[in-house]
Amino acid sequence: MAKPVVLIAEELAPAAVAVLADDFDVRHVDGTDRPALFSALAEADAVLIRSATKIDAEALAATEQLKVVARAGVGLDNVDVPAATARGVMVVNAPTSNIASAAELAIALLLAAARNVPQADAALKGGQWKRSKYTGVELLGKTVGIVGLGRIGVLVAQRLAAFDVNLIAYDPYVQPARAAAMGVKLVSLESLLGESDFVTIHLPKTAETLGLIGEKELNLVKPGVRIINAARGGLVDEAALAAALKDGRVAAAGIDVYAKEPCTDSPLFELDNVVVTPHLGASTGEAQDKAGLAVARSVKLALEGEFVPDAVNVQAGGIVAEDVRPGLPLAEKLGRVFTAIAGGMPTSITVDVRGEIIENDVSVLELAALKGAFTDISQERVTYVNAPLIAKERGVDVGLTTSADSPDFRNLVTVKGALPDGQTVSVSGTLVGPRQQQRLTDIDGFALDLAPEGHVLFFRYDDRPGIVGTLGRSLGDAQINIAGMQVARQTSGGEALMVLSVDSAVPAELLQSVAVSIGARAACGVDLTEY
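The following refers to the structure shown. (Residues numbered from 1 in each chain as written. Predicted model: local features only at pLDDT ≥ 70, side-chain atom pairs only at ≥ 80, totals over all residues. Heavy atoms only, no water.)

Okay, empty space enclosed by the protein next. On inspection of all chains with the given rule, the structure shows two cavities of 30 Å³ or more. Approximately 40 Å³ is the volume attributed to the largest cavity. In terms of lining residues, the largest cavity is bounded by Asn229, Gly233, Gly234, Val236, Glu238, Leu241, Ile255, Val257, Tyr258, Ala259 and Leu268. In this structure, the second largest cavity is lined by Tyr173, Phe338, Thr339, Gly344, Met345, Pro346, Ile349, Ala373, Phe374 and Ile377. Of all elements in the fold, only helix H13 (327-342) and helix H14 (363-375) reach the threshold of two or more residues within the lining of the second largest cavity. Partitioning the lining of the second largest cavity into residue classes produces eight nonpolar, two polar and no charged. (1 Å grid on protein atoms, 1.4 Å probe; cavity = no way out; pocket = protein on both sides within 12 Å on 5 of 7 lines; lining within 4 Å. Points joined across faces, edges and corners; volume = space filled by probe spheres on them. Helix = DSSP H or I, 4+ residues; strand = E, 2+ residues; numbered from the N terminus. Nonpolar A, V, L, I, M, F, W, Y, C, P; charged D, E, K, R; others polar.)

Put into structure tokens, the structure is as follows:
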């Protein structure tokens, strides 16, 4: 019987190839040679790539028996995940392969910015002994502000503790007790900027974090601060940072990532008090080897019919009952809506599943809801398998409850949780009709019947006349088109909930302005366009 064909399209560590060699027909191709790649894919059961090979819809169409696409790294920009899922092809990556390397680079940039290492090196090699010009600062006793306490942020905190610094952090989705256990004090972003001698950023790039450190924030910093960004380009406004460096508000910076990459022209490159690197966070031999080994093991598991821990699109894994599978996108959306409504990290999340569906194993719905709950707040890519680990790391208790009793709907999924201040949040949804259309049915006791699609906005306010008109005019003036809207209330004149689906993203400033115009006590939005 012929062995399954595993196609390696870019160079992998010998140890990774060795994992596959005995059980599979391992073949090699240059993934950047599209005709050769397409020809080789026709007989492949799995393909392993790095960043140079593009597995898009065209490449997938060239396959006949492909079961797995494995990206030896974290990012999946060069893989069309929806197209792969539609063809039943599993996509896996190596989500933790580079976290140590990324954390260490942030430390390296921080130290280099503190001691002017690259500038002094360049001067001395140029024949200049400028000892006094490149006097630096110690870390000892300084305050280091960490923006984002995900896995990489935690590693940075652990390593910086050895320098005897005062660690503070901003992360609204981490419990204070969890941070305190690491010797880190949680503060607001404004406080962090005003108190820190060093600021290092470790956040994912989302609509909420894009431009997080801009001109306004840089006017709040402690004079002489040094800023490090080895997370994602665009989190720091490069032009605003350059201006702050020129006028002395910021003493130095260490930058590894840029809004547009490759980047060879930036106002930061003109400044002597900036240390720059070309996105080297994952560029270590160890990280590359870890990534290759991780995806090789995942490919082996997948082709042997085992559960794959790092599967990004679990629906393609063949492990979910047919009656349960349509509920996965719904549960994930409910998780994302839950986090948006909560506005912070809960102490617990429970996924409650009711109706006929519980005749099947519905545990994957819990994973889907957790994946959604952490997607917008985690620096790493969240999968069905690492979501429980992320919850554990952030001190969130999780649970699944089931019941056959569902008086109002054939099946119902509810994501609910408790916040640190004792408040609770719940979001419910169901699938209706022969086409299994998704519906939001309840938020915190407000009954709804709205499709969770596009950009969804939520406003809570006191019920009174004129609210709909005021809100509609504000969005209309901003050229934001409303696709669907529903207002729910429990009593006339009491608290009301308005939910809108709009066709385009609503900037945070506009959302806040609209909330003020209608006197909303709470307002938030969530982007569900990718589903």
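Take a nonpolar patch on the surface next. A surface patch of nonpolar side chains, amounting to about 270 Å² of accessible area, comprises Val468, Ile482, Met485 and Val487. Sorting elements by how many residues they give to the nonpolar patch places strand S20 (residues 482-489) first, with three residues. Examined against the element boundaries, Val487 turns out to sit in strand S20. A relative accessible area of 38% means that Val487 is categorised as partly exposed. (Patch = residues over 30% accessible without salt bridge, like charges linked within 9 Å, V, L, I, M, F, W, Y side chains within 5 Å. Areas by Shrake-Rupley, 256 points an atom, 1.4 Å probe, with all protein chains shown as cover. Salt bridge = Lys/Arg side-chain N within 4 Å of Asp/Glu carboxyl O. Buried < 20%, exposed > 50% of the residue type's maximum accessible area, 1.4 Å probe, protein only.)

Here the focus is the nonpolar core. With 49 residues, the main nonpolar core has Val337, Leu365, Phe374, Ile443 and Phe458 as its most contacted residues. The leading source of residues in this core is H13, at nine residues. Ignoring any residue separated from it by four or fewer positions in sequence, one finds Phe374 in contact with Met345, Val382, Ala387, Ile390, Ala391 and Arg394. Formed by 32 residues, the second largest nonpolar core is a distinct cluster that contains Ala102, Ile107, Ala179 and Val184. (Core = buried A, V, L, I, M, F, W, Y, C linked by side-chain atoms within 4.5 Å. Contact = heavy atoms within 4.5 Å.)

This next bit is on the sheet that holds strand S19 (residues 454-462). Read across the open sheet, the four strands follow the order S20-S21-S19-S22; overall the sheet is antiparallel. Pairing within the sheet leaves two strands with one partner each, and these edge strands are S20 and strand S22 (522-528). Between one strand and the next, the sheet's axes are offset by a mean angle of 15°, whatever the strand orientation. Where S20 meets strand S21 (residues 495-502), seven bridges bridge the pair, whose relative direction is antiparallel. For Ile482, the partnering residue across the bridge sits in S21 and is Val502. (Pairing = 2+ DSSP bridges. Axes fitted to C-alpha atoms, helices over the stretch in contact; angles between N-to-C directions.)

As a further point, take the pattern of salt bridges. One pass over the structure, following the stated rule, counts 22 salt bridges. A salt bridge links Glu43 to Arg27, with the shortest nitrogen-to-oxygen separation between them at 2.5 Å. In this pair, Glu43 is assigned in the loop between helix H2 (34-41) and strand S3 (46-49) and Arg27 in strand S2 (residues 25-28), connecting sequence segments 16 residues apart. Residue Arg27 is classed as partly exposed on the basis of its relative accessible area of 30%. Several salt bridges converge on common partners, so that one network encompasses Asp444, Arg460, Asp462, Glu495 and Arg521.

The end-to-end C-alpha separation of H14 is 19 Å, in line with the 18 Å expected for 13 residues at 1.5 Å each. Where burial is concerned, most of H14 is hidden: 10 out of the 13 residues are buried. Buried residues belonging to H14 abut H13, strand S13 (348-355), helix H15 (386-393), strand S14 (397-403) and strand S15 (411-418). (Expected span 1.5 Å × (residues − 1).)

The next thing to look at is unusual backbone geometry. A cis amide bond links Glu261 with the next residue in sequence, Pro262, at an omega value of -5°. Examined against the element boundaries, Pro262 turns out to sit in the loop between strand S11 (250-255) and strand S12 (274-276). Look at Asn116: it is not a glycine, yet its phi comes out positive at around 55°. Mapping Asn116 onto the fold places it in the loop between helix H5 (99-115) and helix H6 (117-125). Phi is positive for Gln436, close to 55°, though the residue is something other than glycine.

This next bit is on the layout of surface pockets. Each pocket or cavity is described by its volume, and for the second largest pocket that value is around 350 Å³. Looking at the second largest pocket, it is lined by 21 residues, and the ones nearest its centre are Asp323, Ile357, Arg410, Asn411 and Gln436. Broken down by secondary-structure element, the contributors of at least two residues to the lining of the second largest pocket are H13, S13, S15 and strand S16 (424-432). Counting residues per element, the lining of the second largest pocket draws most heavily on S16, at four residues.

Glancing now at the side chain of Lys371. Mapped onto the elements of the fold, Lys371 is located in helix H14. Look at Lys371 and you get buried, because its relative accessible area is 11%. The residues contacting Lys371, other than those within four sequence positions of it, are Val312, Glu332, Val382, Thr383, Tyr384 and Ala387.

Another aspect to go through is the environment of Gly399. In this structure, Gly399 sits in strand S14. In sequence terms Gly399 and Gly417 are 18 residues apart; their C-alpha atoms lie 9.9 Å from each other. The residues touching Gly399, leaving out its near neighbours within four places in the chain, are Ile349, Thr350, Val351 and Glu366.

This part is about the sheet that holds strand S1 (residues 5-8). Strand order in this open sheet of five strands is S2-S1-S3-S4-S5, and the pairing throughout is parallel. Edge positions in the sheet fall to S2 and strand S5 (90-92), since each of these pairs with one other strand and no more. In this sheet, neighbouring strand axes are inclined to one another by 20° on average, regardless of whether the strands run parallel or antiparallel. Sheet topology note: the strand S4 (residues 68-71)/S5 ladder contains three bridges and is parallel.

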